[in-house]
Amino acid sequence: MALDPQRLLQELDDLRHRYAMLVRALRLMIYDYDVVSGEISWSGETEHVCGRTLSELNGGIAQWEALIHPDDRERAVALLGEAEARLSEYDIEYRFLHKDGSYVWILDRGYFLTGPDGKAVRMVGMMQNISEIKTIEFERLQMQAEIIDAQERALRELSTPLVPISDRAVALPLIGTIDQRRANLIIETLLEGVSARGAEMVIVDITGVATVDTFVADALIRAARAVRLLGTQVVLTGISPEVAQTLVSLGADLSIFATRATLQDGIALAMNGGQQFRAGGQMTR
């Protein structure tokens, strides 16, 4: 069956039209880079992408490099060299100088064509302005960071609530499990709270702590030592007979604490301004 030249021309024209419509719809800036001469033939939506007409993009590979943001240039050029050497896809995002003086974000994807010797002779690809996408992504990440920060603050307030008892005393009722992260939060919360309120006494209540082991005992001791460096007295409350036995068996040094059986006893102690520490952490009038 003989080929119909007119039909082939029509189909070819049809493909060109579809290609042009696709480039226009996606607002792509198309390039054909001659690796040997360094010249670049541009087509497509150049004005939308970087604000320049085709006649203003006649500087070849040197112009392309010069228009890349200084902070992105080395990486973009190096990746181009690697892609050429490996005949791999060039796929990168970088900032590109717009005609109005601003920098726009570009998605650049290109493919190398080889000559008879198997080396790259041409590169064809497209550049797309993705600044709007980048702005949305930045705002999303910023919002995500703000949410995480708010959650972190809420978590800190819930997991280590510092409650004012009087002008000179605060209480820290601990509930649940104490891990490394929370132990650090306890110390940080105590130091910040004592410093901000000028507290002379801190009541640390462990009635609600799920498990008291060597790690928890060490965390409490570290917290007490840090607070005492600020000149603040530390009272430990909520020690049940079982917990007391555990602490004794662990050999925990609780001499830096004054102790009371319940939080109420600790509060009563705090309200009595005449109480002071003896050496070794005990209280006296």
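Please read these numbers as outputs of a predicted model, since none were measured by experiment.

Q: Describe the environment of serine 255, naming the residues involved and giving the relevant values.
A: Relative to the elements of secondary structure, serine 255 occurs in the loop between helix H8 (241-250) and strand E10 (258-260). With a relative accessible area of 34%, serine 255 lands in the partly exposed category. When the C-alpha atoms of serine 255 and isoleucine 221 are compared, they prove to be 9.3 Å apart, with 34 residues separating the residues in sequence.

Q: Describe the side chain of threonine 46, and please don't skip the residues or the numbers.
A: Locating threonine 46 in the fold gives a position in helix H2 (residues 46-50). Polar side-chain contacts of threonine 46 include one of 2.8 Å to the backbone oxygen of arginine 52. Not counting the four nearest positions on each side in its chain, threonine 46 is found in contact with Met29, Gly51, Arg52, Thr53, Leu54 and Leu57.

Q: An account of the packing of aromatic side chains is needed here, citing residue identities and associated values.
A: Taken as a whole and judged by the stated rule, the model has 3 aromatic pairs. Seen in terms of ring centroids, tyrosine 31 and tryptophan 42 are 5.8 Å apart; in terms of plane orientation they differ by 65°. Their pairing is edge-to-face. You can see tyrosine 31 sitting in strand E1 (residues 28-34) and its partner tryptophan 42 sitting in strand E2 (residues 40-44), a full 11 residues away along the chain. Among the residues examined, tyrosine 31 registers a relative accessible area of 6% and is labelled buried. Here tyrosine 94 and phenylalanine 96 contribute two aromatic rings whose centre-to-centre distance is 6.2 Å and whose plane-to-plane angle is 55°, an arrangement assigned as tilted. The pair formed by tyrosine 94 and phenylalanine 96 is uniform in burial state, with each residue classed as buried. Clustering of aromatic rings is evident, with ring pairs tying together Trp64, Tyr94 and Phe96. Across the ring face of tryptophan 105, the terminal group of lysine 134 is positioned such that the distance to the ring centre comes to 4.6 Å.

Q: Help me get a handle on the sheet that holds E1, residues and values and all.
A: With respect to topology, 5 strands assemble into an open sheet ordered E2-E1-E5-E4-E3, the strand pairing being antiparallel. Each edge of the open sheet carries a strand with a single partner, namely E2 and strand E3 (90-97). Direction aside, the axes of adjacent strands within the sheet are offset by 25° on average. Both E3 and strand E4 (residues 103-114) contribute to a ladder of 8 bridges, which runs antiparallel. Looking across to E4, one finds that arginine 95 is bridged to tryptophan 105. Each of E1, E2, E3, E4 and strand E5 (120-129) touches helix H3 (residues 60-67); the most contacted strand, E3, lies at about 70° to it. Set on the sheet, helix H4 (residues 70-86) makes contact with E3, E4 and E5; between it and E3 the angle comes to about 150°.

Definitions and cut-offs
- Residues numbered from 1 in each chain as written.
- Predicted model: local features only at pLDDT ≥ 70, side-chain atom pairs only at ≥ 80, totals over all residues.
- Heavy atoms only, no water.
- Helix = DSSP H or I, 4+ residues; strand = E, 2+ residues; numbered from the N terminus.
- Buried < 20%, exposed > 50% of the residue type's maximum accessible area, 1.4 Å probe, protein only.
- Polar contact = N/O pair within 3.5 Å; in protein donor to acceptor, adjacent residues only side chain to side chain.
- Contact = heavy atoms within 4.5 Å.
- Phe/Tyr/Trp six-rings, centres within 6.5 Å; stacked < 30°, edge-to-face > 60°.
- Lys NZ or Arg CZ within 6 Å of the ring centre and 35° of its normal.
- Pairing = 2+ DSSP bridges.
- Axes fitted to C-alpha atoms, helices over the stretch in contact; angles between N-to-C directions.

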